[in-house]
Amino acid sequence: GNGNSKELDRVAVNVLRDSLNKIDFGGEVVTCEGKKDNSYEMDGEKVGRMWSDPTYDIACDPIDGSTRTSKLQSDGTVLLVISNKNYIFKQTTYYMQKAVMRGDLYKYIGIESILNESIQTLSENMITSLNRSPIVCMLDRERNYLFAKQFREAGCRIKFIKDCDVMHSYGVFEGESDLYYGIGGGPECILTASFVNSLGGRMEAQMVDHTKNWRID
């Protein structure tokens, strides 16, 4: 509630770093939120008591939702994924487009790829499968407005969110929405992927170059 999100980032990074350094392991942070916002982050750091010989990869966001937390709002979360070496994808862009859907719905709508399918066809198949107007969740950013327009024209409803897209991606499995879709941060995309498969869901992602009019790579 102090109104200073950058200070919260600094504190969160220090707390996470100190906590990891107390563990008997060696890990290297291969992706961490913060760099694209010129804030505090841990990308490339080696942590743990055996830091000199890292055998684990780490993806993290020391505080997802720092702006909300600075305003004493809910949903601020520490996100941490640890895996064996070379198991975490190392994105080369700050942003990625992602789609997250429950596994049962994905099987029911009968398409091979969410991102490669037209939004019109994707929406029509969801409407048929659900027998209602689907809810599509996405970040409230200008880069996603064309997606929102196309989904609405195809009969879907849009739930815009300000931030915390990892938790709202998880919300797909809690009935918050039927599909998470749009362009967001790369580290958040990697962190989302860590739980989607274990929940039996479907996730697709592709890198986006924000310096070239949000071109899909």
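Heads up: the structure comes first, above all this text.
Here the structure is a predicted model, which is why all the values come from computation and not from measurement.

Colleague: Describe the overall build of the chain, listing the residues and the values that go with them.
Modeller: Looking only at helices and strands, the chain has seven helices and 10 strands in total. For the chain, the C-alpha atoms occupy an extent of roughly 55 × 35 × 35 Å along the three principal directions. Classification of the 217 residues of the chain by burial places 48% in the buried group. At a minimum sequence separation of 6, the contacts of the chain that also span at least 24 residues come to 68%. Split by element, the accessible area of the chain, about 10900 Å² in all, is 47% carbon and sulfur. Averaging the locations of the 26 positively and 31 negatively charged side chains of the chain gives two centres separated by 2 Å.

Colleague: Would you mind going over the nonpolar core in detail, with residue names and values included?
Modeller: Counting residues in each nonpolar core, the largest one holds 24 residues, and the members touching the most others are Leu122, Met126, Phe151, Leu179 and Tyr181. Listed by contribution, the elements that provide at least two residues to this core are strand S5 (95-101), helix H3 (103-109), helix H4 (119-130), strand S6 (135-139), helix H5 (145-153) and strand S8 (179-185). Here this core gets four residues from one element, more than from any other, and that element is H4. When sequence neighbours within four positions are dropped, the list of residues in contact with Leu179 reads Ala99, Val100, Met101, Ile114, Leu122, Met126, Ile135, Val136, Cys137, Phe151 and Val172. By size, the runner-up hydrophobic cluster in this structure holds 19 residues, among which are Val100, Leu139, Val166 and Phe195.

Colleague: Account for a nonpolar patch on the surface, naming residues and giving values.
Modeller: A surface patch of nonpolar side chains, about 240 Å² in accessible area, is lined by Tyr56, Leu80 and Ile82. With respect to the helices and strands, the residue Tyr56 is situated in strand S3 (residues 56-64).

Colleague: Please provide a residue-by-residue account of the sheet that holds strand S2 (residues 46-47), values included.
Modeller: Strand pairing in a sheet relies on backbone hydrogen bonds. The paired strands run either parallel or antiparallel. In spatial order, the strands read S2-S1-S3-S4; together these four strands make up an open sheet with mixed pairing. Among the strands making up the open sheet, the edge pair consists of S2 and strand S4 (77-84). Pairing geometry for strand S1 (residues 27-32) and S2, over two bridges, is antiparallel. Its bridge partner lying in S2, Gly27 is registered against Val47.

Colleague: So, the environment of Leu191: which residues are in play, and what are the values?
Modeller: Summarising the element assignment, Leu191 is placed in helix H7 (residues 186-196). Overall, Leu191 belongs to the buried group, its relative accessible area being 4%. The residues contacting Leu191, other than those within four sequence positions of it, are Ala59, Cys60, Asp61, Leu79, Leu80 and Val81.

Thresholds, definitions, all that
Residues numbered from 1 in each chain as written. Predicted model: local features only at pLDDT ≥ 70, side-chain atom pairs only at ≥ 80, totals over all residues. Heavy atoms only, no water. Helix = DSSP H or I, 4+ residues; strand = E, 2+ residues; numbered from the N terminus. Buried < 20%, exposed > 50% of the residue type's maximum accessible area, 1.4 Å probe, protein only. Contact = heavy atoms within 4.5 Å. Areas by Shrake-Rupley, 256 points an atom, 1.4 Å probe, with all protein chains shown as cover. Lys, Arg positive; Asp, Glu negative; His and termini not counted. Charge placed at Lys NZ, Arg CZ, Asp CG, Glu CD. Core = buried A, V, L, I, M, F, W, Y, C linked by side-chain atoms within 4.5 Å. Patch = residues over 30% accessible without salt bridge, like charges linked within 9 Å, V, L, I, M, F, W, Y side chains within 5 Å. Salt bridge = Lys/Arg side-chain N within 4 Å of Asp/Glu carboxyl O. Pairing = 2+ DSSP bridges.

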